[in-house]
Amino acid sequence: MHVLLNGESRQFDDIKTVAELVERLGLAGKRIAVEHNEMIVPRSRHAETELSDNDRIEIVHAIGGG
Amino acid sequence: MTDMQRMDVPLTVAGRTFSSRLLVGTGKYRDFDEARAAIEESGADVVTVAVRRSNLGQDPDAPNLLDVISPTRYTILPNTAGCFNARDAVRTCQLARELLDGHNLVKLEVLGDQKTLYPNVMETLSAARTLIDDGFDVMVYTSDDPIVAQELESMGASAIMPLGSLIGSGQGLLNPDTLALILEHARVPVLVDAGIGTASDAALAMELGCDGVLLNSAIAHAKQPVLMARAMKRAVEAGRDAYLAERMPRRQEARASSPTRGLITE
């Protein structure tokens, strides 16, 4: 499946949900937030949120800032 | 000193009470250890963070800022730095709320251009309205315009945060008179956000009657950040006390402090 992940075109095989994507990226259990086609996906719904070809995903975290 | 003389109320923003009137950023430190030490020394309760795309190439087990600056110890204030329109700022706040398990206090800043990082007031007002309607408690970085401050307050902003001078410039307060105009009418906390360069700038903001000061570079870019953090803590406390004490009037002429009678020359 092709997704636009943090602005980059990426190809993933055998991935159906946001939870699987997060797991594949090694980010399961990390302090992140996920946006799916510009809609927030609450952590509780990562497993049930299905991905489609060409979806846009943003994964963010907190960094230093003022 | 009696309790009466010391009597002050703590800074309260959107129903949250803080023991320190100094709010600090987490950016521009050499490393997490330096950030942690300086922030601890500053005594701040409220600590700003930025929200950015996770670097997916990186080691996912690398330490995370929120492991160092714990949300259980500090009130994390996510900002919308780097957003140049209302839509991006709103999205950033929504991501931040998810990131912080529903924590809804945010620092809104919508910038006008890269050169000045001056607030874009139209976009700021638009984003503030959307966020407030969506249940956020919004502390708003804005220009030092008293009319805009009133507009933000009437739409329900939790705090007004005018700049003292350009972000990261360290020029101090270029606008004490306009800040005073904002303070005269404000019924929500007013905090100077941006421009503080050294301790006397922070003290002056507090002496004017500001409810708090938010700064980052002034500590992080000092040669000794931990020492400057302590200076800022003391400056904010000293400025607050001076404000509460109500300073003496300024006079054009001298007035002797020592008795003028009983001199040996009489």
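Look a little higher up for the structure.
Presented here is a report on the structure given in the accompanying data block.

About the criteria used
- Chains are numbered independently. Their residues run from 1 in the order of the written sequence.
- Chains carry letters and ligands carry numbers; both start at the beginning, A for chains and 1 for ligands, and go up in the order they are written.
- Residues qualify for local features only when their pLDDT is at least 70, as the model is predicted, and side-chain atom pairs are given and counted only at 80 or more; totals for whole chains, interfaces and linings, by contrast, use all residues.
- Derived side-chain values reflect all non-hydrogen atoms in the structure, with water molecules and hydrogen atoms excluded from consideration.
- Think of it in three bands: residues with accessible area under 20% of the maximum for their type are buried, residues over 50% are exposed, and the middle band is partly exposed, with areas taken using a 1.4 Å probe on protein chains only.
- Under the DSSP-based scheme used, a helix requires at least four consecutive residues in state H or I and a strand at least two consecutive residues in state E, with every element numbered from the N terminus.
- When DSSP finds two or more bridges between a pair of strands, those strands are recorded as paired.
- It only takes one pair of heavy atoms within 4.5 Å for two residues to be counted as in contact.
- Summed over both partners, buried area is the accessible surface (1.4 Å probe) that two parts give up on being assembled.
- The salt bridge criterion pairs a side-chain nitrogen of Lys or Arg with a carboxyl oxygen of Asp or Glu, the two atoms within 4 Å.

### Things to note about the pairing of strand β4 (residues 46-53) of chain B
Within a regular beta strand, the side chains point alternately toward one face of the sheet and then the other, so they alternate between its two faces.
1) Next: In terms of residue burial, β4 of chain B counts as a mostly covered element, since six of its eight residues are buried.
2) Next: Taken together, the five bridges between strand β5 (residues 55-64) of chain A and β4 of chain B define a ladder with antiparallel strand orientation. Following the sheet pairing, Gly64 of chain A is matched in β4 of chain B by Val49 of chain B.
3) Next: By the bridge criterion, four bridges tie β4 of chain B to strand β5 (residues 75-78) of chain B in an arrangement that is parallel. Within β5 of chain B, the residue paired with Val47 of chain B across the bridge is Ile76 of chain B.

### Quick look at the interface of chain A and chain B
1) Next: Contact residues are listed per partner, giving 27 residues for chain A and 30 residues for chain B.
2) Next: Counting each side, the surface lost to burial between chain A and chain B is near 2,500 Å², with a carbon and sulfur contribution of 53%.
3) Next: A per-residue breakdown of the area chain A buries against chain B is headed by Arg31, Ala62 and Gly66 of chain A, which together make up 25% of the total.
4) Next: At the boundary of chain A with chain B, the tally comes to seven salt bridges.
5) Next: Note that Arg53 of chain B is salt-bridged to Glu58 of chain A, the shortest N-O span being 2.7 Å.

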